[in-house]
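The residues making up each chain are set out below.
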Amino acid sequence: MYLVPVAGSRDFLVTSGSTMAAAEIARQMTEGARNLSLSGHVGFDGMPDQLVNKSVCQGFCFNILCVGETGLGKSTLMDTLFNTRFEGDPSPHNQPGVHIKSSSYELQESSVRLKLSIVNSVGFGDQINKEESYKSLVEFIDAQFEAYLQEELKIKRTLHNYHDSRIHACLYFIAPTGHSLKSLDLVTMKKLDSKVNIIPIIAKADSISKNELQKFKIKIMSELVSNGVQIYQFPTDDETVAEINGTMNAHLPFAVVGSTEEIKIGNKMMKARQYPWGTVQVENENHCDFVKLREMLIRVNMEDLREQTHTRHYELYRRCKLEEMGFKDTDPDNKPFSLQETYEAKRNEFLGELQKKEEEMRQMFVMRVKEKESELKEAEKELHDKFDRLKKLHQDEKKKLEDKKKSLDDEINAFKQRKTAAELLQSQAQQSGSQQTLKREKERKNSGFL
């Protein structure tokens, strides 16, 4: 039995026969079906305009990390790029280490609002030992990734109004030595290339000649390639910007000059630097690559830098973090892995480890209690022995004192007896003396009468 649609109706005919016969009937019935076409404008082609309006209302954010030695003109270039004067004091050269200074600004151009964050590496390259100069930069970038990841993992997420502090572009300032990159530059860019979009620029490019500058650019790119440093390449997959981006990729690294001073050249006021030998115009492409940098960084590829930060660098960080936590996409049998199962497995593993550690701690506690009890018993035994010794010593001393007291009492009694006997003898002597005196006086008297 087969259901065959009836042309021009929503009904079906019930028929029987072979599969080929049913297919033929269905083909014949559908040959007369009408093809519907839109009779008017529907309007879903306005979705790009809706996205633009929504994005303009929400505003945009862009975060730039400026890395380079102190004195290369990082702050001046930022002021020149955005045609404003950002607040900030000059960085000293006596910093004990590299620390990060972040500043946020609200800019508006026409009806578009931009929340710009400029992150500066204060003290970079000023130390004698520069081995760990890159660590502060890596830790700061990872901290921004971690903050975004924690926001994503929340139960109640507010990503629509979350201030994205992830670094979208890293302008790496290279000193205009004209020779080659420093070891510090290569090591730092190698550590950062998997975490941020690096755009190398030669700072204060007006300090070397054009021939030296061109050779310096070739030398820099050669060293970057030979050391495996991945810098940001302007995208060429979009036909609208493929030609200009392809051309600009050949100009990397950009040799720039920054200045906030305006000098009147002809009938126009232009940003320039005045020297005794002449004037360097910042916005003159024959003098430096400042215009190329501004066009590529802000006007043409700002959204691509934001997208690359999210889809490449942040995703790499997120994947590594989740893999460290034990989460995987597939199991050993190459089957899809359930996040709930992974969570339960990790939870059970954690509880098992926690229980194991708790048991180890309990056993350790019991063992330490036993050891302490043994020590206390030993101490108690020693105290009892000491007490017995002291008690015996006390008894011996007491017995000696009693014997000495007895001997003293005997001596006192003997002394008293001797004293009594002496007093008795003295009294008898006195009595006998007085009697003799009376007898002599009596005899004297008697002789006087005679």
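Residues numbered from 1 in each chain as written. Predicted model: local features only at pLDDT ≥ 70, side-chain atom pairs only at ≥ 80, totals over all residues. Heavy atoms only, no water.

**Some details on the overall build of the chain**
Each helix and strand in the chain was counted, giving 10 helices and 11 strands. Relative to its full complement of 450 residues, the chain shows a buried share of 30%. Sequence-distant contacts in the chain: of pairs separated by 6 or more residues, those separated by 24 or more amount to 64%. If you sum the accessible surface of the chain, you get close to 31400 Å²; carbon and sulfur atoms cover 52% of it. (Helix = DSSP H or I, 4+ residues; strand = E, 2+ residues; numbered from the N terminus. Buried < 20%, exposed > 50% of the residue type's maximum accessible area, 1.4 Å probe, protein only. Contact = heavy atoms within 4.5 Å. Areas by Shrake-Rupley, 256 points an atom, 1.4 Å probe, with all protein chains shown as cover.)

**A short note on the sheet that holds strand β9 (residues 262–265)**
Taken together, the three strands give an open sheet; going across it, the order is β9-β10-β11, and neighbouring strands pair in antiparallel fashion. The sheet is open, and its two borders are formed by β9 and β11 (278–281), each paired with just one other strand. This sheet shows a mean twist of 65° between the axes of neighbouring strands, independent of strand direction. Both strand β10 (residues 268–275) and β11 contribute to a ladder of four bridges, which runs antiparallel. (Pairing = 2+ DSSP bridges. Axes fitted to C-alpha atoms, helices over the stretch in contact; angles between N-to-C directions.)

**Some remarks on the side chain of Thr-309**
Tracing the sequence through the fold places Thr-309 in helix α9 (residues 302–324). At 2.8 Å, the side chain of Thr-309 forms a polar contact with the backbone oxygen of Leu-305. (Polar contact = N/O pair within 3.5 Å; in protein donor to acceptor, adjacent residues only side chain to side chain.)

**Observations concerning the nonpolar core**
Counting 74 residues, the largest nonpolar core has Leu-171 and Leu-297 as its most contacted members. Looking at this core, the element that brings in the most residues is helix α4 (residues 135–152), giving seven residues. If near-sequence neighbours (up to four positions away) are discounted, Leu-297 is found in contact with Phe-62, Ile-64, Leu-81, Ala-169, Leu-171, Ile-199, Met-302 and Leu-305. (Core = buried A, V, L, I, M, F, W, Y, C linked by side-chain atoms within 4.5 Å.)

**Brief notes about the sheet that holds strand β8 (residues 254–255)**
With respect to topology, six strands assemble into an open sheet ordered β4-β5-β3-β6-β7-β8, the strand pairing being mixed. Edge positions in the open sheet fall to β4 (99–109) and β8, since each of these has one partner strand only. Of the strand pairs in this sheet, strand β3 (residues 60–67) and strand β6 (residues 169–174) are connected by four bridges, and their pairing is parallel. Within β6, the residue paired with Leu-65 across the bridge is Cys-170. Each of β3, β6 and β7 (198–202) touches helix α5 (residues 183–192); the most contacted strand, β6, lies at about 170° to it.

**Re the state of the cysteines**
Here the structure, examined in full by the defined rule, presents zero disulfides. Cysteine Cys-66 remains unbridged, with the sulfur of Cys-170 as its closest cysteine sulfur at 8.1 Å. (Disulfide = S-S within 2.5 Å.)

**Section: a negative patch on the surface**
Together, Asp-237, Asp-238, Glu-239 and Glu-307 make up a region of like negative charge exposed at the surface. Examined against the element boundaries, Asp-238 turns out to sit in the loop between α6 (210–226) and α7 (239–249). (Patch = residues over 30% accessible without salt bridge, like charges linked within 9 Å, V, L, I, M, F, W, Y side chains within 5 Å. Salt bridge = Lys/Arg side-chain N within 4 Å of Asp/Glu carboxyl O. Lys, Arg positive; Asp, Glu negative; His and termini not counted. Charge placed at Lys NZ, Arg CZ, Asp CG, Glu CD.)

**Side note on the confidence of the model for the chain**
With 87% of its residues at a pLDDT of 70 or more, the chain has an overall mean of 85. Scored below 50 in pLDDT, residues 1–19 shows 31 contacts in the model against residues more than four places distant or in partner chains. (pLDDT = per-residue confidence, 0-100.)

**As for the pairing of strand β5 (residues 112–122)**
Most of β5 sits inside the fold, with eight of its 11 residues counted as buried. Bridge count between β3 and β5: seven bridges; the pairing is parallel. Its bridge partner lying in β5, Cys-61 is registered against Lys-115. As defined by bridge partners, β4 adjoins β5 across 11 bridges and the pair is classed as antiparallel. Each bridged residue has a counterpart across the sheet, and for Ser-104 the counterpart in β5 is Ser-117.

**Digging into the packing of α4 against α9**
Helices that pack against each other are described as a pair by the angle of their axes relative to one another and the distance between those axes. Taken N-terminus to C-terminus, the directions of α4 and α9 make an angle of 80°; their axes are 10 Å apart at the nearest point. Considering their axes alone, α4 and α9 lie roughly perpendicular with respect to each other. Across from Asp-142, Phe-145, Glu-146, Tyr-148, Leu-149 and Glu-152 in α4, the residues of α9 making contact are Thr-309, His-310, His-313, Tyr-314, Tyr-317, Arg-318 and Lys-321. Here the contact of α4 with α9 is composed, by residue class, of five nonpolar, three polar and five charged. (Parallel < 35°, antiparallel > 145°, perpendicular 65-115°, else oblique. Nonpolar A, V, L, I, M, F, W, Y, C, P; charged D, E, K, R; others polar.)

**Topic: α9**
Under the 1.5 Å per step criterion, the end-to-end length of α9 is 32 Å for 23 residues, consistent within 8% with the ideal 33 Å. A bend of about 35° at Tyr-314 is the largest found in α9. Every buried residue of α9 is listed here: Met-302, Asp-304, Leu-305, Thr-309, His-313, Tyr-314, Tyr-317 and Leu-322. Buried residues belonging to α9 abut β3, β5, α4, β6 and α8 (290–300). (Expected span 1.5 Å × (residues − 1). Bend = angle between axes of the 7 residues up to and from the residue.)

**Details of the pairing of β7**
A regular strand places its side chains so that they alternate between the two faces of the sheet. The element β7 is largely enclosed, with a buried count of five among its five residues. Burial along β7 is two-sided: Ile-198, Pro-200 and Ile-202 and Ile-199 and Ile-201, pointing in opposite directions, are all buried. Note: β6 against β7, five bridges, orientation parallel. By the bridge assignment, Cys-170 is partnered in β7 with Ile-198. Regarding the hand of the β-α-β motif, the stretch spanning β6, α5 and β7 is right-handed. (Right-handed = clockwise from strand over helix to strand, strands pointing away.)

**Some thoughts on the packing of aromatic side chains**
The description of two aromatic rings rests on the distance between their centres and on the angle between their planes. Applying the stated criterion across every chain, the model contains 10 aromatic pairs. Ring geometry for Phe-82 and Phe-86: centres 6.2 Å apart, planes at 70°, overall edge-to-face. Of the residues examined, Phe-82 reaches a relative accessible area of 15% and is grouped as buried. Residue Phe-86 is classed as buried on the basis of its relative accessible area of 14%. When the ring of Phe-145 is compared with that of Tyr-317, the centres are 5.5 Å apart and the planes differ by 40°; the resulting orientation is tilted. Remark: Tyr-317 occurs in helix α9 and Phe-145 occurs in helix α4; sequence separation between them is 172 residues. The structure contains a cluster of three or more aromatic residues connected by ring pairs, namely Phe-145, Tyr-148, Tyr-162, Tyr-314 and Tyr-317. Geometry around Tyr-314 places Arg-166 over its ring, the cationic atom sitting 4.9 Å from the centre. (Phe/Tyr/Trp six-rings, centres within 6.5 Å; stacked < 30°, edge-to-face > 60°. Lys NZ or Arg CZ within 6 Å of the ring centre and 35° of its normal.)

**Considering the pattern of salt bridges**
Within this structure, the stated rule accounts for 16 salt bridges. Glu-151 is paired through a salt bridge with Lys-154; the nearest N and O atoms lie 3.1 Å apart. Its relative accessible area of 7% is what places Glu-151 among the buried residues. Two residues, Glu-375 and Lys-372, come together in a salt bridge whose shortest N-O distance is 3.9 Å. Of this pair, Glu-375 and Lys-372 both sit in helix α10 (residues 339–449), three residues apart, which is roughly one turn of that helix. By relative accessible area, Lys-372 is classed as partly exposed at 49%. Shared partners join several salt bridges into a network, and the residues in it are Lys-217, Glu-285, Asp-289 and Lys-292.

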